[in-house]
Each structure stands twice: as C-alpha cells, then as structure tokens.
Amino acid sequence: MVAVHSTMLPLGTEAPDFSLPDCVTGQRVGLANYASQPALLVAFICNHCPFVVHLREPLVALVKEFQPRGLAAVAISSNDIQKYPEDSPSQMAVVAKKYGFTFPYLFDEAQRVAQAYHAACTPDFYVFNAARRLVYRGRFDESRPGRPMPVNGADLRVALEAALANQSIPEAAQKASVGCNIKWRSGSEPPWFTT
C-alpha cells in the first residue's frame with residue numbers, strides 16, 4: 001500500500017462541471033443539481049482502499065449531520081474497474097446501501113472528472129462555497145489506518161462550517177489528504193500521477 005498525497009488544487013478554483021451516473025438510482029447527477037445549495041462537498045473515494053474503509057462510516061455520519069444545514073455532497077469513484085472489479089458500479093451500489101449513503105455515489109468511468117479536479121488519491125475531499133469556488137481541499141482528519149486516534153473528521157468539519165458560513169479557510173489549516181492513488185487506466189494517467 002503506497003500512500004499518495006492530494007495535489008492541492010488552488011483555492012478559489014471554480015468547481016469543474018460533471019454529469020455522472022449514480023450507481024444506486026442509475027440517474028445522472030451533475031453540478032447543476034446543487035445550484036441552490038450553500039456548500040458542496042465532492043469526495044473522491046472507492047470501495048476497496050483501506051484509507052477510505054477507515055473513515056467511510058464517520059464520513060457518512062458527518063455528511064448526515066451537515067445536510068440539514070444545506071450541505072450538498074457527492075462521492076465519486078474513478079478507478080479502473082477492469083483491474084479493480086470490486087470498485088464496479090454494482091459493487092458501489094452494495095456499499096452505498098450497506099453504509100446508508102445519503103448522497104449520490106457516482107461512477108467516473110472515463111476518469112475525466114477526476115482529471116478535472118486534479119484528484120490524486122482516495123480519499124480526496126473538495127469543499128466549494130455557494131459561488132462554487134474551492135475553499136478547502138485535503139484530508140478528513142489526521143487519522144490513518146492503524147493509528148490509535150479518533151476518526152472524527154476534524155479538518156473536514158472545520159471546512160464545512162466555514163463554507164456554510166461563507167467564510168474562508170486559511171491556507172495553513174489545509175492539509176493534504178493521504179490515500180491510495182486513483183487507479184488510472186493505462187494511457188489515462190494525468191501529469192501529477194506517480195507510481
């Protein structure tokens with residue numbers, strides 16, 4: 001398991017558009033679906049990565065906590081399912097139902113959305129304000145698989161609070177996420193990909 005860090009897309013970046021199928025409903029979900037929401041969380045995750053498994057249930061709980069306040073959230077899996085069939089849409093649907101996802105779990109088969117967001121690892125978190133400008137990118141919290149510390153989402157929680165209050169988050173408060181690299185298809189690897 002090689003740990004990869006977020007690329008740390010520049011703050012203020014406009015949310016790249018997307019329109020992807022939800023693995024549970026089969027319906028397409030896009031940025032436009034959330035135009036009226038005061039904040040948007042975009043989480044790049046997958047089914048099999050130990051870093052995602054480590055925080056999956058706390059992430060679901062954190063999103064549920066903030067949704068009544070207007071948070072919109074989507075999770076996106078961009079992994080190559082030929083090499084990682086456990087990340088296929090049918091298996092994504094199983095995970096979403098098992099863990100009670102209250103947000104769409106989208107499949108980025110062409111990997112173009114991951115490239116547009118400069119996503120590098122799973123998990124990788126992006127928080128956008130009401131104007132859909134990036135106010136946070138990075139980690140859930142400082143916990144990691146095998147570390148004896150609480151998985152509380154402290155860093156992402158601060159970001160969501162700030163985004164909903166239309167406040168900025170200092171650069172010093174933004175820490176890169178760490179996880180498994182996105183499993184790029186051969187020939188689709190972005191410039192920031194390293195093995």
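Residues numbered from 1 in each chain as written. Predicted model: local features only at pLDDT ≥ 70, side-chain atom pairs only at ≥ 80, totals over all residues. Heavy atoms only, no water.

Visitor: Explain the overall build of the protein chain to me, using residue names and the numbers behind them.
Guide: Counting its regular elements, the protein chain contains four helices and ten strands. In terms of C-alpha radius of gyration, the protein chain reaches 15 Å, essentially the compact-globule figure of 16 Å for 195 residues. Referenced to the eigenvectors of the C-alpha coordinate spread, the extents of the protein chain come out at roughly 40 × 35 × 35 Å. For the protein chain, buried positions account for 52% of its 195 residues. Restricting to contacts in the protein chain with at least 6 residues of sequence separation, those with at least 24 account for 78%. Here the protein chain has roughly 8700 Å² of accessible surface; of this, 52% comes from carbon and sulfur atoms. Across the protein chain, the mean location of the 18 positive side-chain charges is 1 Å away from that of the 17 negative side-chain charges. (Helix = DSSP H or I, 4+ residues; strand = E, 2+ residues; numbered from the N terminus. Rg over C-alpha atoms; globule rule 2.2 N^0.38 Å. Buried < 20%, exposed > 50% of the residue type's maximum accessible area, 1.4 Å probe, protein only. Contact = heavy atoms within 4.5 Å. Areas by Shrake-Rupley, 256 points an atom, 1.4 Å probe, with all protein chains shown as cover. Lys, Arg positive; Asp, Glu negative; His and termini not counted. Charge placed at Lys NZ, Arg CZ, Asp CG, Glu CD.)

Visitor: Explain helix α1 (residues 50-66) residue by residue, including any values.
Guide: If you check α1, its first and last C-alpha atoms are 25 Å apart, about what 17 residues at 1.5 Å a residue would give, namely 24 Å. When the local axis directions of α1 are compared, the greatest deviation, roughly 50 degrees, occurs at Arg56, which is followed within four positions by the proline Pro58. Every buried residue of α1 is listed here: Phe51, Val52, Leu55, Arg56, Leu59, Val60, Leu62, Val63 and Phe66. (Expected span 1.5 Å × (residues − 1). Bend = angle between axes of the 7 residues up to and from the residue.)

Visitor: Please give an account of helix α4 (residues 154-164) that cites residues and values.
Guide: For α4, the full list of buried residues reads Asp155, Leu156, Ala159, Leu160, Ala162 and Ala163. The buried residues of α4 all sit within an arc of 165 degrees when viewed along its axis, so they share a single face. For α4, the secondary structure elements touched by its buried residues are β4 (39-44), α1, β5 (71-77), β8 (124-128) and β9 (134-138). One or two residues past the end of α4 sits Asn166, with phi positive at roughly 55 degrees. (Arc of directions from axis to C-beta.)

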